[in-house]
Amino acid sequence: MPKKINTIVKGSGIIFVGFILIAISDFLLRLLLARSLGPTGYGTIYLAITILSFATLFSLFGLDSSVTRFVAKYNALHNKNLVRSSIKSCLEISLFCSIISSIIIFLNVEFIALTLFNEESLIPVLRIFCFIVPFATLTRILRSTFHGFNNTFYDVVINVGIVKILLLAILGGIVFFEGSIVEISYAYLIVYMLSSLFGFVFLEYKIFPFFRSKLKNISNYLNMLNFGFPLLLSGFFGLVLSWSDNLIIGFFLTTAKIGVYNVAFPIAQLCLLFHKSFRPLIFSTSSEHYGKNDLESMSKIFKTTRRWTILSTTLVFLLLLLIGEDLIRILFGQNYEGAFLLTLLLSLAFLIVASIGNVDPILRSFGKTRIIFYVNLIAAMINIILDIILIPIYDLIGVVVATGIAFILRQVLIFCYVRRLVNTSYEINTIFKYALAALITYIVIFSLRYLFPLVNLVSIILLALFGMLIYCLFVLYLKAIKKEDLTLLYDTLRKFNLPVDKRVISFLEKFIN
């Protein structure tokens, strides 16, 4: 395997592990905040986080993508002057923009909190969060710089170890000592200050001597801005699709409703866990095959990983359907019981999205990023329009319907384009077997659920594990596994230097269709 492909695969493996850790730590963060602050306080924090996300996006000005591209380009040419100037230019521009964003938010805190969202408790939180913008922006630039040097390890260390795990530990301490929402806001500020500090330390002493080098300064502002600005627009519409719901709920409803929605949304996103986790593998391998003009192998990878996604996502949706209500009640408390219906509707939408397949990395392999921009634009606009129409009439159900339609439409549009490039046909017989295994599992677990009531977290976990076992056994019994599934699984484990037990492979081969 070529050296570059080995680097991509290894980086994808690190990103894969990082993604799983981020998903777990983010869920624990939400759980901690939701239980300790209640719907109103939890909603206030996530409204501030949403405003922070948009401020950071505009402060970056698309330069996070610029620094990755130009650092990688000039580093490959061994031009250290241009490498340093690219990093310097992006840091200076983004820092300047982030300071301007912070000042604008700080001067308009009362207008934002009282006039737009009618939430007085947002004022002290937002005053603290506006100081986070420069540090969050610098952290993002530094993480993107690491990607330019093909080093994803330090990106994961900062994003997982500092931003997530350290934040979780600090918040745990604040909650234990019954701290206020203001103290929680200061915890976010401290963590982002540390993340930017450690980012500079990793850059300077582990990757590239940015401060110690006595290289000639070369102006590179124009190249950075020319490349970054179009990506700012694409990133904006992608962010709108993910975060605009919080702003619109805050405008039409209350921060308590934001809190309830932000319990439903992350739980429903479990249906996208495997879908997103496969992206690094698909992008790295499909890029390799695209370079060889091997479209047949690209199609095989796409269809195989789609089968895996449907297989796993169906199980997740099934478990949420069976135990979701009890899970929310036990983990988050009585105040969030209304989140179950929202979770179920969002999960159904995400199941459909995942079942369409991982079309994004295929399109990126062909270099068709402009198509993704236009699709994001269409989906974001539809999401906002539907939110404005449906929220005043149907409350949070309107938000869920708008979000589900936007996500599904986005996936369908990209799929329609990808199917012109590679073969994306469905294997209906295999999918039918997955559905049949899910139906049998549902009947068994539904019966057990009423024989043995779910009274605590242990009973939920045991029932979920038993459901997973039943589902997997029926998938094997129905011979819903294909030979290429085992081949790709074996190759993937080998690429990531993970142990492969031949006895397990031999056992699974008995159930190959």
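Residues numbered from 1 in each chain as written. Predicted model: local features only at pLDDT ≥ 70, side-chain atom pairs only at ≥ 80, totals over all residues. Heavy atoms only, no water.

### Describing the overall build of the protein
Secondary structure assignment for the protein yields 21 helices and zero strands. Split into buried and exposed, the 513 residues of the protein put 52% on the buried side. Pairs at least 24 residues apart make up 83% of the contacts formed inside the protein by residues separated by at least 6 positions. Element-wise, carbon and sulfur atoms account for 67% of the exposed surface of the protein, whose accessible area totals about 23,800 Å². (Helix = DSSP H or I, 4+ residues; strand = E, 2+ residues; numbered from the N terminus. Buried < 20%, exposed > 50% of the residue type's maximum accessible area, 1.4 Å probe, protein only. Contact = heavy atoms within 4.5 Å. Areas by Shrake-Rupley, 256 points an atom, 1.4 Å probe, with all protein chains shown as cover.)

### So, the confidence of the model for the protein
Per-residue confidence for the protein gives a mean pLDDT of 84, with 87% of residues at or over 70. The secondary structure element of the protein with the lowest average pLDDT is helix H12 (residues 279-291), at 65, and the one with the highest is helix H5 (residues 122-129), at 95. This model gives residues 1-9 a pLDDT under 50, and the stretch forms nine contacts once residues within four places in sequence are excluded. (pLDDT = per-residue confidence, 0-100.)

### Some points on a nonpolar patch on the surface
Where nonpolar side chains cluster on the molecular surface, the patch consists of Leu95, Phe96, Ile99, Ile100, Ile103, Ile104, Phe106, Leu107 and Phe131 and spans about 870 Å² of accessible area. Turning to its location among the elements, Ile104 is positioned in helix H3 (residues 80-107). (Patch = residues over 30% accessible without salt bridge, like charges linked within 9 Å, V, L, I, M, F, W, Y side chains within 5 Å. Salt bridge = Lys/Arg side-chain N within 4 Å of Asp/Glu carboxyl O.)

### Side note on the packing of aromatic side chains
Pairs of aromatic rings are described using the distance from one ring centre to the other and the angle between the two planes. For the coordinates displayed, the defined rule picks out 18 aromatic pairs. Seen in terms of ring centroids, Tyr42 and Tyr336 are 6.4 Å apart; in terms of plane orientation they differ by 85°. Their pairing is edge-to-face. In this pair, Tyr42 is assigned in helix H1 (residues 3-60) and Tyr336 in the loop between helix H13 (295-332) and helix H14 (339-356), connecting sequence segments 294 residues apart. Across this residue pair, the class does not change: Tyr42 and Tyr336 are buried. (Phe/Tyr/Trp six-rings, centres within 6.5 Å; stacked < 30°, edge-to-face > 60°.)

### Quick notes on the packing of helix H6 (residues 132-148) against helix H8 (residues 181-207)
At a minimum axis distance of 9 Å, the contact between H6 and H8 shows a crossing angle of 30°. As H6 packs across H8, the resulting crossing turns out to be left-handed. Where H6 approaches H8, its residues Ile132, Phe135, Ala136, Leu138, Thr139, Leu142, Thr145 and Phe146 are matched on the opposing element by Ser185, Tyr188, Leu189, Tyr192, Met193, Ser195, Ser196, Gly199, Phe200, Phe202, Leu203 and Ile207. Tallied by class, residues from the contact of H6 with H8 come to 14 nonpolar, six polar and no charged. (Axes fitted to C-alpha atoms, helices over the stretch in contact; angles between N-to-C directions. Left-handed = near helix turned anticlockwise from the far one by under 90°. Nonpolar A, V, L, I, M, F, W, Y, C, P; charged D, E, K, R; others polar.)

### Let's talk about the nonpolar core
Counting residues in each nonpolar core, the largest one holds 121 residues, and the members touching the most others are Ile45, Ile87, Leu171, Tyr188, Val263 and Phe332. Among the elements that take part in this core, H1 stands out by supplying 15 residues, more than any other. One finds Ile282, Leu363, Val375 and Ile414 within the second-largest nonpolar core, a separate group that totals 17 residues. (Core = buried A, V, L, I, M, F, W, Y, C linked by side-chain atoms within 4.5 Å.)

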